[in-house]
Amino acid sequence: EEEEDEKIYKRYEEIVAKLPTTEGWSGHLIYQYQGFWYNSEVLGAAPLVVQRHFKARPSDILVASTHKCGTTWLKSLTFAVMNRKSHPPSAQHHPLHIFNSHDLVPFWEFNLYNNKNNGNRIPNLDILPSPRLFSTHMPYTSLPESVTLSDSRILYICRNPKDNLVSWWHYVNKFRSILSLEPMKVQEAFEWFSKGMSPMGPFWDHVLGYWKGSSERPQNVLFLNYDEMLAEPALHLKKMAEFMGCPFSSMEEEEEVVDQVIKLCSFENLSNLAVNKNGTTYPGVSNSSYFRQGKVGDSANYLTPEMMEQLDRLTEQKLHGSGLTL
Ligand code: A3P
C-alpha cells in the first residue's frame, strides 16, 4: 500500500510538472492549477491528491479561506464552538491555551496530504471520530467532489482586499527574511496582488467561488467577512454555531458562553499566550507571525491613495453583478 501511495504522489507530481509555472513572491516556483496560483515548493502535488483522494462525511466541517483573511481566528472560533462541551471556553486549561489553532485544525494541503511531511502516505482519515474538522486554502471550484456533493459544511472567511494585501505583504517579508531575500516593496506586493498572483490568487476569484457556493448551497456554505465579524462578533458567532448544527442554548447565552468564546479567541488573548509568542507550528514559521495587528483599515497606513483607489476600482469590476461588496 505504501508503494501504491508513493506512486500516486509521483503521478500527481508529474502532472504538476507540466503546469504553467513562474518564480513567485518568495523566490519559490508557483504553479497555476485550475485558475489559481499555488506555491510549488511548499505544497508540491498535495492539492491534487486532496482533490482526488479526500472522502467527505456529511458531518465534516471545513474552515476555508485564502491567505491572511483571518484563518487563524476562524479556526480558533470553530474549534472552541465545536468542542465547548468537553472544553468549556472559560476553563483554565483549554487546548487553545496550549496549541496554536493551526495545530488543532490541520490544513489538508499543508499538513495532512503534504508528502513533504507525511512520508508519501495518503492519510487514513477514516479513523478520526465525527465530526471531523479540517481546513483548506483551496478554491471552492477545486474542492474534492465528495465535499461539494455531500452535506459537509464549509465556513469561509474573507476580508477587504486592501487589508488582505497589506497583511500578506508583511507576512511575505517575514518569509523573505528567513530565506535571506531582500524585503518586497509595498508597490511590488500591490502589483503581484493586482495581477491575481498572491498565494491562492486571484483573490477575487477565490472569494467569488465561495460566495457563489454559499448562494447556491446556503445550508452547506457559510460566507463570513472578517471586518463584519470584528464589528459584531456575538452575532456572527451565533450564526456560526447554528450553521454548524450546535446552536447556543438560551441557558448558554445566560451563562455568557458566547462572550467567553469571543474572549478566548480574541486577538488580545491569543496573541499574548506563550504558545503564540514563542511556539512554532511549521518548521521555521513562528506562531507569532499569525498575529500582527488584527484591525480593519490598517492598509491606509501603507498603501498610497492611488493604490487604494486602483484596488477599489479593480474590486468593483471583479465583483460586479455578484451582489457582493468588499
Ligand atoms: P493583520 O496582518 O491585518 O493584523 P490568517 O490567519 O488568515 O493568516 O490571517 C492573519 C490576519 O488575521 C492578520 O491580520 C492577523 O493579525 C489577524 N488575526 C490573527 N488572529 C486574530 C484574532 N484572534 N482575532 C482577530 N484577528 C486575528
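Heads up: these notes are all about the structure in this document. (Residues numbered from 1 in each chain as written. Predicted model: local features only at pLDDT ≥ 70, side-chain atom pairs only at ≥ 80, totals over all residues. Heavy atoms only, no water.)

1. Some remarks on the nonpolar core
Under the convention used in this document: Nonpolar cores were defined as sets of buried Ala, Val, Leu, Ile, Met, Phe, Trp, Tyr and Cys residues, with membership established by side-chain atoms within 4.5 Å. Classification of residues uses two cut-offs on accessible area relative to the type maximum, computed with a 1.4 Å probe and protein chains only: under 20% is buried, over 50% is exposed, and between them is partly exposed. By the convention used here, residues are in contact when the closest approach between their heavy atoms is within 4.5 Å.
Among the nonpolar cores identified, the biggest contains 100 residues, and W108, Y113, L143, I154, L155, Y210 and M240 are the most heavily contacted of them. Residues contacting Y210, with those up to four places away along its chain left out, are A64, T136, M138, P139, Y140, L143, I154, Y156, V221 and F223.

2. With respect to the site of the ligand
Here is the rule: When we say a residue is near a molecule or strand, we mean one of its heavy atoms is within 4 Å of it. The term polar contact refers here to a pair of N or O atoms within 3.5 Å; inside protein, the definition further demands a hydrogen-donor-capable atom paired with an acceptor-capable atom, and it admits residues adjacent in sequence only when both atoms are side-chain atoms. Areas reported here follow the Shrake-Rupley algorithm with a probe of radius 1.4 Å; residue values treat only the protein chains shown as occluding. Runs of H or I in DSSP of at least four residues are treated as helices and runs of E of at least two as strands, each being numbered from the N terminus.
If you check the shell around the ligand, you find 18 residues, and the closest are T71, T72, S167, R292 and Q293. At 2.7 Å from an oxygen atom of the ligand is found a main-chain nitrogen or oxygen belonging to Q293. In isolation the ligand offers 570 Å² of accessible surface; the protein chains occlude 97% of this area. Counting only elements with at least two residues in the shell around the ligand, the list comes to α4 (71-82) and α16 (267-271). Per-element accounting of the shell around the ligand gives the leading share, three residues, to α4.

3. Here we look at the pairing of strand β4 (residues 61-65)
Rules: Pairing between strands is defined by DSSP: at least two bridges between them are needed.
Most of β4 is tucked away, with five of its five residues classed as buried. In β4, alternate side chains face the same way, and those of I61, V63 and S65 on one face and L62 and A64 on the other are all buried. Relative to strand β5 (residues 133-136), β4 runs parallel, the two sharing four bridges. Looking across to β5, one finds that V63 is bridged to S135. As paired elements, β4 and strand β6 (residues 153-158) share five bridges and run parallel to each other. Residue pairing across strands places A64 opposite Y156, the latter belonging to β6.

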